[in-house]
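The chain contents come next:
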Amino acid sequence: MNSAPQEAVFYILAATIVVFSVMTVTTRRILRSATYLLFVLFATAGIYFQLNYSFLGAVQLMIYAGGIIILYVFSILLTSTDKDKATRLKNSKVMAGLLTALAGAVLCVFITLTHNFGPSHYIGDEVPMKVIGTALMGTEKYQYLLPFEAISVLILACIIGGIIIARKR
Amino acid sequence: MFDFSVVTHWIDGLLRSFLPEAATIVVECVLIGLCLLVGYALIALALIYAERKICAFFQCRLGPNRVGPYGLCQPFADMFKMLTKEIIEINHVDRFLFNLAPFMVIIASVLAFGCLPFAKGLQVIDFNVGIFFLIAVSSIGIVGILLAGWASNNKYSLIGAMRSGAQMISYELSIGLSIMTLVVFAGTMQITEIVELQNDGWFIFRGHIPAIIAFVIYLVAGTAETNRGPFDLPEAESELTAGYHTEYSGMHFGFFYLAEYLNMFVVSGVASTLFLGGWMPFHVPGWEGFNHVMDYIPSIIWFLGKCAVVMFIIMWFKWTFPRLRIDQLLRLEWKYLVPLNLFNLLLMVVVVVFNLHF
């Protein structure tokens, strides 16, 4: 973040993320909640684009906006009726939730303040696609073929599990 | 060949000469946005006219012929009608989501529209993951359609939205795989580089068999992705009145209408960029004189001409084939197109590895 407009865009994105995250958990309509979550994910993608990491930004749009949120909306459409509103929470539950959130926030702030971050912004051009590809598919140090394959096995297990649950009537 | 970056650099230099850098960027963003929206609207109007005329000729009618010569002013008249119509507020709907949905659809299609290379040096967004970014932003539109169907509080709209969701998620796979086939061939995802690589022959000729298979699959999947006939189940008017946009009126309906036509333009723009060389003229390696003559035709005409050809093919099969059933539609995708696509991807890898292309 070196210039004023860059900083302005960053603050707009950050404010969007904060506001819509809070709205996601406070709204009482489930589909609105999914929509606000979508906005949060858009703003996160915006931050990736600002860091000049357009691959991760595009992946964020593709996987979350184009995949996960659509699955959420789909399952909401299939399972709930249109008059579905969450009942108001009891005071004790609200307090417990707030306390947990506060504890999480304290932990996050503590880690953020004590961690020694690298340079605050990426210097140089976009990361070339070939570098990302070899890093994902290589077997040497700092390359990620094993986790990549492990995750695909996990996803395969999820797919099979989903089919089995759906077929049991 | 005229390079449009001369013009854009001149405007950039002019603005920088009397504005600070930050202000220049803001002004340029606004200018580019305005140009894109004007181009978007004009192309949509031209497409609506073309669709009505072509449909009419397929059905042995004349089509619009009252407003202006050959009915040329008909889309403008339609546009003003749409703009002046009242937007009706419907009771018992989720108003926020109901009003948000058309904007999601239109934003997705404008973003995808912005990625297209219109002419030499005339491109707005050029990431090194360009084509992937284009697919990613165009998938936002599905959320808009699902929200529209749900928020309308109408069972026909909901059925339309569900069909549309199932259809678009399935066919996104085919689109992605057929684009990936061509990315394997090109070795890059940056759109300008893809166009530049087709300097000595378009990919559909140089990649021969796998490229042609990918082109056909892309056309089928692209038509399904834009919800056009014969895959227009989401808005099948004889079954669902108008599907997900039944309850919309005035310009909100207009947004869905515009986005549908522009998505067709985006699909054909991507097809012509990947397979037919984008704005690159028709070059045959070795025929210097011929190539030189072809260079005299401006690049923007090449691009729009190729798009027009692809769009004509899409309209052609809309008005020729009857509508599919939902089970036929899903079977076509999952049992035929996806396996064929995976096989085709493998074939393309073999072709590239053993250097069997031209």
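Residues numbered from 1 in each chain as written. Chains lettered and ligands numbered in written order. Predicted model: local features only at pLDDT ≥ 70, side-chain atom pairs only at ≥ 80, totals over all residues.

Further remarks concern the overall build of chain A. Looking only at helices and strands, chain A features six helices and zero strands. Looking at the 169 residues of chain A, the share that counts as buried comes to 12%. Taking the contacts inside chain A whose residues are at least 6 apart along the sequence as the reference set, 53% of them involve residues at least 24 apart. (Helix = DSSP H or I, 4+ residues; strand = E, 2+ residues; numbered from the N terminus. Buried ≥ 20, exposed ≤ 12 C-beta atoms within 10 Å, placed from the backbone. Contact = placed C-beta atoms within 7 Å.)

This part takes up the overall build of chain B. Assigned secondary structure in chain B consists of 15 helices and zero strands. Across its three principal directions, the C-alpha atoms of chain B cover 65 × 60 × 45 Å. The proportion of buried residues among the 358 residues of chain B is 43%.

One can read the domain layout of chain A as domain 1 (4-127) and domain 2 (128-169). The centre of domain 1 of chain A, based on its C-alpha atoms, is set 24 Å off from the matching centre of domain 2 of chain A. (Domains from an automatic or database assignment.)

To continue, consider helix 2 (residues 30-50) of chain A. Spanning 21 residues, helix 2 of chain A covers 31 Å between terminal C-alpha atoms, matching the ideal 30 Å at 1.5 Å per step. Turning to helix 2 of chain A, its buried residues are Leu31(A), Ala34(A), Thr35(A), Leu38(A), Phe42(A), Ala45(A) and Gly46(A). The buried side chains of helix 2 of chain A occupy one side of the element, clustering within an arc of 135° when seen end-on. In this fold, the buried residues of helix 2 of chain A make contact with helix 1 (4-26) and helix 3 (54-79) of chain A together with helix 4 (95-114) and helix 6 (140-151) of chain B. Directly beyond the C-terminal end of helix 2 of chain A, a positive phi value near 70° is found at Asn52(A). (Expected span 1.5 Å × (residues − 1). Arc of directions from axis to C-beta.)

What follows is about the environment of Gln190(B). Residue and element names in this part refer to chain B. Locating Gln190 in the fold gives a position in the loop between helix 7 (155-186) and helix 8 (191-197). Sequence separation of Gln190 and Phe132 is 58 residues, and the distance between their C-alpha atoms is 8.9 Å. Residues within four places of Gln190 in sequence aside, it is in contact with Asp126, Asn128 and Gly130.

Moving on, we come to the interface of chain A and chain B. Taken together, the 24 residues of chain A in the interface contact 26 residues of chain B. The set of elements that each furnish at least two residues to the side of chain A that touches chain B consists of helix 1, helix 2 and helix 3 of chain A.

Moving on: the environment of Ser157(B). All names here are of chain B. By secondary structure assignment, the location of Ser157 is in helix 7. Judged by C-beta crowding, with 26 C-beta atoms within 10 Å, Ser157 ranks as buried. As a C-alpha pair, Ser157 and Ile297 span 140 residues in sequence and 46 Å in three-dimensional space. Filtering out sequence-adjacent residues up to four positions away, Ser157 remains in contact with Ala148, Gly149, Ser152, Gly243, Tyr244, Thr246 and Glu247.

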